[in-house]
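# Fold and contact review
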Amino acid sequence: ALRKNGTKKFRLFNVWATWCLSCVEEFPELVQTARKFALRDFEFISVSVDEPEDASKVKSFLEKRGAGLGAKVKVSVENEGRRTNSYLFKGHGPEELLKALDLEAPGPIPHTLLVNPSGEVIWRHTGSLDGEVLRAKILEAMGPYYQP
C-alpha cells in the first residue's frame, strides 16, 4: 500500500538491516537526503529486514542516526493513519519483501527505490549508494525549486 502511494509525495524506500555493512554505511546519506527534502512533498521510508526479536536494536540504530519524522512528514504520516515511516518487515526474508515492493529488484540489500506520487518506480538502486547521485535523481524527478 505504501509503494502504491496515492499521495502528493515522492517516496524514497530503503530496504536494509543492521547486520548489513553496506546498509549501515549508506544510512547517513539517506537521513541527510530526508532532511534536505523535508519541506517538500517527500518522504523517506525505511524497511528493516532484521529479525522481529531484534526490534529494539533496529529502533536504537534509527534513533542514533536521527531517522525520525520531520514536522511536515509527521503530519502527513498521521493524516494517513500511520505512526511511523520506519518499519520492521516480519515476513520470510528480504526476497519476499523485495518481491512485494519492487518486482525488478535484482536481489540483495540494501535496495533503494524512488516512487512518484502515482506509485511508479522512477529510480532504483541495489547496493551502496552515492548520496549526491541519489539527491540528483530526486531533483531530476521533483524539479530543482521548491514551490509550496
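Quick note: structure is the one above.
In short, a report on the structure. The model shown is predicted, which means the values in this text are computed figures rather than measured ones. (Residues numbered from 1 in each chain as written. Predicted model: local features only at pLDDT ≥ 70, side-chain atom pairs only at ≥ 80, totals over all residues. Heavy atoms only, no water.)

The final tally for this structure, using the stated rule, is one disulfide. Cysteine 20 shares a disulfide with cysteine 23; S-S distance 2.4 Å. Looking along the S-S bond of the cysteine 20-cysteine 23 disulfide, the torsion reads about 75°, which is the right-handed sense. The exposure class assigned to cysteine 23 is buried, which follows from its relative accessible area of 0%. (Disulfide = S-S within 2.5 Å. Buried < 20%, exposed > 50% of the residue type's maximum accessible area, 1.4 Å probe, protein only.)

This part is about the pattern of salt bridges. Applying the stated rule across the entire model yields twelve salt bridges. Two residues, lysine 9 and glutamate 80, come together in a salt bridge whose shortest N-O distance is 2.6 Å. Placement of the pair is lysine 9 in the segment before β1 (10–16) and glutamate 80 in the loop between α3 (71–79) and β3 (86–88), with a sequence separation of 71 residues. Judged by its relative accessible area of 5%, lysine 9 falls in the buried class. For the salt bridge of aspartate 41 with lysine 72, the shortest nitrogen-to-oxygen distance reads 3.4 Å. Here aspartate 41, found in the loop between α1 (21–36) and β2 (42–48), pairs with lysine 72, found in helix α3; they are 31 residues apart in sequence, far enough to count as distant. Note on aspartate 41: relative accessible area 32%, which makes it partly exposed. Counted as one network, the salt bridges with shared partners bring together Lys9, Arg11, Glu43, Glu80 and Arg82. (Salt bridge = Lys/Arg side-chain N within 4 Å of Asp/Glu carboxyl O. Helix = DSSP H or I, 4+ residues; strand = E, 2+ residues; numbered from the N terminus.)

This part covers the packing of aromatic side chains. Summed over all chains, the structure comprises five aromatic pairs. Here the aromatic rings of phenylalanine 27 and phenylalanine 61 are separated by 5.2 Å at their centres, their planes lie at 75°, and the arrangement is edge-to-face. Of the two residues, phenylalanine 27 sits in helix α1 while phenylalanine 61 sits in helix α2 (residues 55–64), which places them 34 residues apart along the sequence. Judged by relative accessible area, which is 0%, phenylalanine 27 ranks as buried. (Phe/Tyr/Trp six-rings, centres within 6.5 Å; stacked < 30°, edge-to-face > 60°.)

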